[in-house]
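Observations on the model geometry
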Amino acid sequence: MTRSLLTVAASTAALAVLLAGCGGATSTVVGAALSSTAPSASASASASASAPASAQAAPPSTSALASTSAPPSTSAPAGPAATQTPARVVYLAEGGSVGGTNVRAPACEAGCPLSGDATTSLWDMTWPTWNSAVAAGTGTEKLDDCTPNCAAGTLHAVRVTVTLSRPVMVCVAGTGRWFWTRVSFTWPGGLPAAFSGANAPLNPFDYADITAQSAKSCP
């Protein structure tokens, strides 16, 4: 009887030890599972505080987004103001002489001799165009019919459209100056009969002497 009780007691103790061991293992496994799937708030805070800044997740940089989404600048780069070269001024040499009177628009309102012998001149002119390449104007041309000769001839006033062209540079007193070398005419109302045949005015006519004096630069 006593031996039976000892046997039961020993079995009961062994079972208690076995149950205690199983319970501890189960608790440890469950605890590990819980700690791996749901860490406590304090543990998360501790990990965040102790982790280096480079390892912590950071929100996207707003400055980087702004730089990639901003439209390209349309303003011109800063710099000195552009320097503009002034347009050249071209003159009409009265009588074809660069050493005489040189005029530019507005010109020939009170008469500009085109020829050295005064057989043709421009009056009452207006110039809608006068730039560095061409000049165009309208007014009156007074023509000498040179009958019987130019000194005793008759002047005829006719409406005219004049175009000045082919500018060249000539050195005048050591300074470069531009002059027209070709004069072209259109007579809207035609010319008197005295200017027919061999007596017709030359159109266009060129200032050959001015062209011969043209230069690339002046000393």
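This write-up is about the structure you can find in this document. (Residues numbered from 1 in each chain as written. Predicted model: local features only at pLDDT ≥ 70, side-chain atom pairs only at ≥ 80, totals over all residues. Heavy atoms only, no water.)

1. Overview of the sheet that holds strand β2 (residues 102–103)
A sheet is described by the order of its strands in space; here four strands give the open sequence β2-β1-β8-β7, paired in mixed fashion. Every other strand in the sheet has two partners, leaving β2 and β7 (168–172) as the edge strands with one partner each. Of the strand pairs in this sheet, strand β1 (residues 90–93) and β2 are connected by two bridges, and their pairing is antiparallel. Following the sheet pairing, L92 is matched in β2 by V103. (Pairing = 2+ DSSP bridges. Helix = DSSP H or I, 4+ residues; strand = E, 2+ residues; numbered from the N terminus.)

2. Description of the nonpolar core
L92, W127, V162 and L164 are the most contacted members of the largest nonpolar core, which has 31 residues in total. Elements with a contribution of two residues or more to this core: β1, β4 (120–130), β5 (135–144), β6 (155–165), β7 and β9 (182–186). In this view, W127 contacts A105, P106, A107, L122, A135, A136, G137, V162 and L164; residues no more than four positions away in its chain are not counted. (Core = buried A, V, L, I, M, F, W, Y, C linked by side-chain atoms within 4.5 Å. Buried < 20%, exposed > 50% of the residue type's maximum accessible area, 1.4 Å probe, protein only. Contact = heavy atoms within 4.5 Å.)

3. Regarding the sheet that holds β6
Strand order in the open sheet made by the six strands is β3-β4-β5-β6-β9-β10, with antiparallel pairing throughout. Either end of the sheet is taken by a strand with one partner, and the two such strands are β3 (112–113) and β10 (205–206). As defined by bridge partners, β5 adjoins β6 across ten bridges and the pair is classed as antiparallel. Directly across from D144, in β6, lies its bridge partner L155.

4. Description of the packing of aromatic side chains
Geometrically, a pair of aromatic rings is defined through the distance of the ring centres and the angle of the planes. Considering all chains together, one arrives at six aromatic pairs under this definition. The interplanar angle of 85 degrees and the centroid separation of 5.0 Å between the aromatic rings of W127 and W130 together place this pair among those described as edge-to-face. W127 gets classed as buried once you look at its relative accessible area, which sits at 12%. A relative accessible area of 18% means that W130 is categorised as buried. Measuring from ring centre to ring centre gives 6.1 Å for W130 and W180, while their planes differ by 70 degrees; the resulting arrangement is edge-to-face. (Phe/Tyr/Trp six-rings, centres within 6.5 Å; stacked < 30°, edge-to-face > 60°.)

5. So, the state of the cysteines
Applying the stated criterion across every chain yields a total of three disulfides. In this model C108 forms its disulfide with C112; the gap between the sulfur atoms is 2.2 Å. Taking the sign of the S-S torsion, -105 degrees for the link of C108 and C112, the bridge is left-handed. Since its relative accessible area comes to 4%, C108 is described here as buried. A residue is classified by how much of its surface remains accessible, and C112, at 2% relative accessible area, is buried. Each disulfide pairs two cysteine sulfurs, and for C146 the partner residue is C150, the sulfurs being separated by 2.0 Å. Taking the torsion about the sulfur-sulfur bond, which here is approximately 95 degrees, the covalent link between C146 and C150 counts as right-handed. Since its relative accessible area comes to 37%, C150 is described here as partly exposed. The connectivity of the disulfides in the chain is 1-2, 3-4, 5-6, where the numbers refer to bonded cysteines in sequence order. (Disulfide = S-S within 2.5 Å.)

6. Digging into the side chain of S165
Looking at the element boundaries, S165 is found in strand β6. Since its relative accessible area comes to 17%, S165 is described here as buried. Excluding residues within four positions of it along the chain, S165 makes contact with A133, W180, T181 and R182.

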